[in-house]
Amino acid sequence: MVERNVYFPETPKHFGRYHALRDNWRHSRDVMLELRKRFDREDLPGVETIAIAGSFARFEASPESDADCIIILEDATEDQQAAAAHVLETVARVLMDLDIPEPNPTGVFASPRRLSELLPPMHEGRMGSETEETDVLSKRLLMLLESRPVWNDGGYEAAIEAIFERYERYVVEDQTKEHLLLLNHLIHYFRYICVNYESNFHRQNDKWPLRNLKLRHSRIVMYMGLLVLLGEASKHTDGQKLATVRENLVLPPLERIAKVYALNRDTSFFRVAGLYNTFLARISDATTRAELNGVGYEDRYSNVLFSALKANSDALQAELSRFIYARRGQWSERFFEYLIF
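An account of the accompanying structure is given in this report.

### Notes on the packing of aromatic side chains
- The full count for this structure, using the stated rule, is 15 aromatic pairs.
- Ring geometry for tyrosine 189 versus tyrosine 192: centroids 6.4 Å apart, planes at 25°, classification stacked. Taken as a pair, tyrosine 189 and tyrosine 192 lie in helix α9 (residues 180-200) at a separation of three residues, close to a single helical turn.
- For tyrosine 189, a relative accessible area of 6% corresponds to the buried category.
- Residue class for tyrosine 192 comes out partly exposed when judged on its relative accessible area of 27%.
- Linked through ring pairs, Tyr261, Phe269, Phe323, Trp331, Phe335 and Phe336 together constitute an aromatic cluster.
- Its guanidinium or amino end placed over the ring of tyrosine 297, arginine 300 lies 3.9 Å from that ring's centre, counting from NZ or CZ.
- Directly above the aromatic system of phenylalanine 336 lies the positively charged group of arginine 328, at a separation of 5.2 Å from the ring centroid.

### Examining α9
- Between its first and last C-alpha atoms α9 spans 30 Å; for 21 residues at 1.5 Å apiece the expected length is 30 Å, and the two agree.
- Turning to α9, its buried residues number three or more, namely Leu182, Leu183, His185, Leu186, Ile187, Tyr189, Phe190, Ile193, Tyr197 and Asn200.

### Here's the deal with the pairing of strand β1 (residues 47-53)
- In terms of burial, β1 is largely enclosed, as six of its seven residues are buried.
- Inspection of the sheet shows β1 paired to strand β2 (residues 68-73) by six bridges, in the antiparallel sense. Note on β2: the bridge partner recorded for threonine 49 is isoleucine 72.
- Bridge count between β1 and strand β4 (residues 148-151): three bridges; the pairing is antiparallel. Its bridge partner being in β4, alanine 51 is matched across the sheet by proline 149.

### Examining the side chain of lysine 139
- Within the fold, lysine 139 resides in helix α6 (residues 134-145).
- Polar contacts involving the side chain of lysine 139 include one to the main-chain carbonyl oxygen of serine 111, which spans 3.0 Å.
- Setting aside anything within four residues of it in sequence, one finds lysine 139 in contact with Ile70, Val108, Phe109, Ser111, Arg113 and Leu118.

### Details of the packing of α6 against helix α7 (residues 153-167)
- Where α6 contacts α7, the axes come no closer than 10 Å and their chain directions differ by 105°. It follows that α6 is roughly perpendicular to α7 by the angle criterion. Mapping the contact onto sequence places Arg140, Leu141, Met143 and Leu144 in α6 and Tyr156, Ala159, Ile160, Ile163, Phe164 and Tyr167 in α7.
- A class-by-class count of the residues in the contact of α6 with α7 yields nine nonpolar, no polar and one charged.

The rules we used
Residues numbered from 1 in each chain as written. Predicted model: local features only at pLDDT ≥ 70, side-chain atom pairs only at ≥ 80, totals over all residues. Heavy atoms only, no water. Phe/Tyr/Trp six-rings, centres within 6.5 Å; stacked < 30°, edge-to-face > 60°. Helix = DSSP H or I, 4+ residues; strand = E, 2+ residues; numbered from the N terminus. Buried < 20%, exposed > 50% of the residue type's maximum accessible area, 1.4 Å probe, protein only. Lys NZ or Arg CZ within 6 Å of the ring centre and 35° of its normal. Expected span 1.5 Å × (residues − 1). Pairing = 2+ DSSP bridges. Polar contact = N/O pair within 3.5 Å; in protein donor to acceptor, adjacent residues only side chain to side chain. Contact = heavy atoms within 4.5 Å. Axes fitted to C-alpha atoms, helices over the stretch in contact; angles between N-to-C directions. Parallel < 35°, antiparallel > 145°, perpendicular 65-115°, else oblique. Nonpolar A, V, L, I, M, F, W, Y, C, P; charged D, E, K, R; others polar.

Here is the structure:
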């Protein structure tokens, strides 16, 4: 079993100069460790594991952050409905006791799933099909993108291993191949988030500024954290192709990016850290959040705060794009082709 400190490490030393990255990391870690203590006291029959995703799992949560829990039920659970009702009630109670806002009751985290639902039999052909439920795709990808276990590490590790193995079966057979299935699902999921933002714009118009800025910062970092691992893995045609991805899934997204920068001797990660620190410092402030959510769409660029954070996101995306393009000649040409086709 993986040591707890691997999942909940101390604040990285290179965050010392970035107060928001440092403070939010500490807050996230403290809350997740407390959640583990609270859940360990609970009897949760039929539950395989509970993982936390979202801002806590990215180690960027502030006191206003809600908790996105991925609940996976045991496949052998006879009464799935009863098990689901009990664990949902337990999670709600624990979050309320810690004064942590619950996630959207109709969102992707509202329904527990069995691992066999996240990974249906291959002969059924449902994984990634047009009939696959959105919450299934989301939970499966988020387990690899940014999750942390808060109940039953063994069940969590088994789930991560099963998901990774399903995605990497073609690479296991031939390690000259790229991680194409995972790359396709990763791109699909990120684009789904972007399209979903547009579809929700008019239904949640009062919240659009903050959602837009999170899309341009947090979701970018979440996406890039796995994308750069897949790119780095493309250097290899041996066992390192799998290990480069699998062994680094334990890192939060921002730390994955930092590691791949270091592996490529690129010293510009400080630009990513500084820009992300600016974003977190602003949105972690309740007054700032209130001001942002009062900005009308037509007036967005006349608002100094929104304009500054939009420019901040442009700089973040430009730096990450620069890093990716600079890997031409180092990462495989196939990888770059697959980013487009």
